[in-house]
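# A look at the structure
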Amino acid sequence: DPDSGDNGLLLYSLVRGQTNEFDINENTGQIFTISVAGKAGTFNLEVQAADQGTRQLTARTTVSVTVDSSSSSNIVMLVLNQKINIVERKSAELQRVLEDKLGWNVYVVSIYSKESERKARTSTDETQVNIMAFDEAHQEVPAEDIKRKLREQKSAIELELEKVFLAPVSAAIREAPAAPAPPELVAAIVLGVLLASTFIAFLAYVLLDLKRKRYRGKYGKQDLVKKVEIMECIGNPLAADKNGSLKSLEEPEHMNN
């Protein structure tokens, strides 16, 4: 707006669209996310610019934002000791502080808290802010470089955020949880475990059966030898006892008398 004074002062706002997922910096018109975790697709936002003159003039346009479902390995989790509703309200100021201290363009991927899905969103004094950074060439800054810069500027960042939140602020780096395995991989792992368990059970059964057969074969031969010895003793009036001595199976002579 080429006008001067209040007639040239523009304020931006979202007047239609997914205002729960996105917000806009009213002074710069920069659109940023509040939380699009787990969501993908194209979101159509209607943006309004309004001057501050006595006879206020406005203009509107539609902005299409495409959210990619693929994840980046350069997302860094910053944990603030602030309630999520306050962090969401101050997200633009948070982004400004980070950009100023890190020296990169900072993109807020999502703002999350354990209480974010509940109505009572003021009970947990811990909010996770996932951020990415982009250099002047619009390339992703590696996560390790972001973490290093956050550590170096930790005191300065906390001091500036204390002015934003009007309270002592602790900003800690936390490792983002690993992305959950896709259903296909989970199914493959489960199937592999089941097959391995089945194979182990089958192998144990085979070994037990072989051991049983060996046991039967060993003692079965002994029984057969005993049976042969008994048959030989019946057919032979003289048989060897277990000590090797000869023993007559005939009746004593006095019995004949």
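Note that this is a predicted model, so its numbers are computed, not measured.

### Concerning helix 3 (residues 143-152)
- Inspection of helix 3 places Ala143, Ile146, Lys147, Lys149 and Leu150 among the buried residues, and these make up the whole buried set. The buried residues of helix 3 occupy one face: seen down the axis, they fall within an arc of 165°. The exposed set on the far side of helix 3, more than 90 degrees from its buried face, consists of Glu144, Arg151 and Glu152.
- Its buried side turned inward, helix 3 meets strand 6 (76-80), helix 2 (91-102), strand 8 (127-134), helix 4 (154-165) and strand 9 (171-174).

### Details of the pattern of salt bridges
- What the rule picks out here adds up to 8 salt bridges.
- Two residues, arginine 60 and glutamate 46, come together in a salt bridge whose shortest N-O distance is 3.6 Å. With arginine 60 in strand 5 (residues 58-67) and glutamate 46 in strand 4 (residues 41-51), this residue pair connects regions lying 14 residues apart in the sequence.
- The exposure class assigned to arginine 60 is partly exposed, which follows from its relative accessible area of 47%.

### A closer look at the pairing of strand 6
- Within strand 6, 5 of the 5 residues are buried, which leaves the element mostly enclosed by the surrounding structure.
- Neither face of strand 6 is left uncovered, since the one carrying Val76, Leu78 and Leu80 and the one carrying Met77 and Val79 both have all their residues buried.
- Bridge count between strand 6 and strand 8: 5 bridges; the pairing is antiparallel. Across the sheet, the residue bridging to methionine 77 is asparagine 130, located in strand 8.
- Pairing of strand 6 with strand 9 involves 4 bridges; the strand directions are antiparallel. Across the sheet, leucine 80 pairs through a bridge with alanine 171, a residue of strand 9.

### Digging into the sheet that holds strand 4
- Taken in spatial order, the 3 strands make up an open sheet running 1-4-5, and their pairing is antiparallel. Of all strands in the sheet, those bounded by a partner on one side alone are strand 1 (10-16) and strand 5. Averaged over all adjacent pairs, the angle separating strand axes in this sheet is 30°, with direction ignored.
- Pairing analysis gives 6 bridges linking strand 1 to strand 4, with the strands arranged antiparallel. Within strand 4, the residue paired with leucine 10 across the bridge is aspartate 51.

### Focus on the packing of aromatic side chains
- Evaluated as defined, the whole model comprises 1 aromatic pair.
- Above the plane of the ring of tryptophan 104 lies lysine 149, whose end atom (NZ or CZ) is 4.6 Å from the centre.

### A short note on helix 2
- If you check helix 2, its first and last C-alpha atoms are 16 Å apart, about what 12 residues at 1.5 Å a residue would give, namely 16 Å.
- Taken residue by residue, helix 2 has Ser91, Ala92, Leu94, Gln95, Val97, Leu98 and Leu102 as its buried positions.
- Two residues or fewer after helix 2 comes glycine 103, characterised by a positive phi angle close to 80°.

### Some details on the nonpolar core
- Leu80, Leu98, Ile146, Leu150 and Leu161 are the most contacted members of the largest nonpolar core, which has 26 residues in total.
- Within the residue set of this core, elements represented by two or more residues are strand 6, helix 1 (84-89), helix 2, strand 7 (105-112), strand 8, helix 3 and helix 4.
- With residues near it in sequence (within four places) discarded, leucine 80 still touches Val87, Leu94, Asp125, Glu126, Thr127, Val129, Leu161, Phe165, Val169, Ser170 and Ala171.
- Counting residues in each nonpolar core, the second largest holds 7 residues, with Leu14, Phe22, Val47 and Val67 among its members.

Conventions and cut-offs
Residues numbered from 1 in each chain as written. Predicted model: local features only at pLDDT ≥ 70, side-chain atom pairs only at ≥ 80, totals over all residues. Heavy atoms only, no water. Buried < 20%, exposed > 50% of the residue type's maximum accessible area, 1.4 Å probe, protein only. Helix = DSSP H or I, 4+ residues; strand = E, 2+ residues; numbered from the N terminus. Arc of directions from axis to C-beta. Contact = heavy atoms within 4.5 Å. Salt bridge = Lys/Arg side-chain N within 4 Å of Asp/Glu carboxyl O. Pairing = 2+ DSSP bridges. Axes fitted to C-alpha atoms, helices over the stretch in contact; angles between N-to-C directions. Phe/Tyr/Trp six-rings, centres within 6.5 Å; stacked < 30°, edge-to-face > 60°. Lys NZ or Arg CZ within 6 Å of the ring centre and 35° of its normal. Expected span 1.5 Å × (residues − 1). Core = buried A, V, L, I, M, F, W, Y, C linked by side-chain atoms within 4.5 Å.

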